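What the coordinates show
The lines below spell out each chain.
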Amino acid sequence: MGTGKGFAIGSAVLTSLALLAAFKTAASITTIDVSKSTVLAAALFGAMLPYIFAALTMMAVGRSAADMIGEVRRQFKEYNLLGTDPNRKIGTPDCDTCIAISTKASLQEMVIPGFLAIVAPLFIGYLLNGESLGGMLVGGITSGCMLAIYMANAGGAWDNAKKWIEAGGLMKAYNKEKHEGGKGSDWHKAAVTGDTVGDPFKDTSGPALNILIKLMTMIALVFGSTFPNANSPVIGSSDGQTCGGDGTYCYWWVGTIIGVLFLVFAFSFWIWQRAQGFGKIDFDQKDTIGARETGDIQLTDQAETNEV
């Protein structure tokens, strides 16, 4: 793990702890008692959120990459970029389309994860109470910190393994020939495959967790005074009745509405996204970049030799 990523994770955790302290003041919370069933359940829910968030961002990278592969295949074939057709002039790559794909994916794929980070504190805070939300934040901060460190280290290890093989480290360490342990060998192909997971680990999902834990605590702080506690008024009561107890389930219907709306929106957006064909690619398609008279040249074969 690089020094920069370590500082970023530490900064995010300390910032979240400061925001958590401010939230306790805003929500009139003195203690967060994890022996209460509602607080413990919320803490487990919060500990689960970083894994869901990381899974969503990892899958987003895969879909975006698949869309980019489809565009690259199209340009290889239509513009004869690899010179596979000797009767046609080698064209110029259309970089603008590739940039547009990346930009669209970066915005579109973060809709559901972004809403998840905003909705989760509101859902728990109104469904249960402010103290339970504090438990959720503690679970999210703790789990998010550990997962971010793990992803930064694991992703860096995968990346460095590939670079080490390419630099000849495996050949020197085990006295191997280039075709046995160098670039293009089976060891190198395996390291490249591992790096396709390692790069989004350390450069996408890991750093995104820093934003997740800070955003959740920020949302909790902004809405802190509205979450139910013992002195919160019962909505719709004309005689000034308060929630009493610790306010648990006093505004449960508000949290339920928020949760249902999020699920409906997320599912509808997912259906629309799949209907648009984003991230789909025909892996069974053959001869995608044209062929010479001497034999077929397929993109899958080129990827193994040229790392396309």
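Fair warning: this is a prediction, and the values are worked out from it, not measured in the lab.

Taking 1.5 Å per residue as the helical rise, helix α9 (residues 252–275) with its 24 residues ought to reach 34 Å, and the 35 Å between its terminal C-alpha atoms agrees with that figure. Every buried residue of α9 is listed here: V254, G255, I258, G259, F262, A266, F269, Q273 and R274. Summarising the contacts, the buried residues of α9 are in contact with α2 (37–79), α3 (95–108) and α4 (111–127). Positioned one or two residues after α9, G277 has a phi angle of 80°, which is positive.

Residue placement: Y251 occurs in the loop between α8 (186–222) and α9. For Y251 and T30, which are 221 residues apart along the polypeptide, the C-alpha to C-alpha distance reads 20 Å. One polar contact links the side chain of Y251 to the main-chain carbonyl oxygen of P233, over a distance of 2.5 Å.

Turning our attention to the packing of α4 against helix α5 (residues 130–166). For the pair α4 and α5, the least separation of the axes is 7 Å and the interaxial angle reads 140°. Handedness of the crossing formed by α4 with α5: right-handed. Along its contact with α4, which presents A120, P121, I124 and G125, the element α5 presents G130, S132, L133 and M136. When grouped by side-chain class, the residues that make up the contact of α4 with α5 number five nonpolar, three polar and no charged.

Applying the stated criterion across every chain yields a total of one disulfide. Across the disulfide, C243 is cross-linked to C250 (sulfur-sulfur distance 1.9 Å). Its S-S torsion of approximately -70° makes the covalent link between C243 and C250 left-handed. In this model C95 remains outside any disulfide bridge; the closest cysteine sulfur is found in C98, 6.4 Å from its own. For C98, a relative accessible area of 19% puts it in the buried group.

Another aspect to go through is α4. For α4, spanning 17 residues, the distance from its first C-alpha to its last is 23 Å, which sits close to the expected 24 Å at 1.5 Å a residue. Residues of α4 that are buried include every one of I112, P113, L116, A117, V119, A120, P121, L122, I124, G125, Y126 and L127, and no others. Where the residues of α4 are buried, they touch α2, α5, α8 and α9.

Reading the values: the criteria
Residues numbered from 1 in each chain as written. Predicted model: local features only at pLDDT ≥ 70, side-chain atom pairs only at ≥ 80, totals over all residues. Heavy atoms only, no water. Helix = DSSP H or I, 4+ residues; strand = E, 2+ residues; numbered from the N terminus. Expected span 1.5 Å × (residues − 1). Buried < 20%, exposed > 50% of the residue type's maximum accessible area, 1.4 Å probe, protein only. Contact = heavy atoms within 4.5 Å. Polar contact = N/O pair within 3.5 Å; in protein donor to acceptor, adjacent residues only side chain to side chain. Axes fitted to C-alpha atoms, helices over the stretch in contact; angles between N-to-C directions. Left-handed = near helix turned anticlockwise from the far one by under 90°. Nonpolar A, V, L, I, M, F, W, Y, C, P; charged D, E, K, R; others polar. Disulfide = S-S within 2.5 Å.

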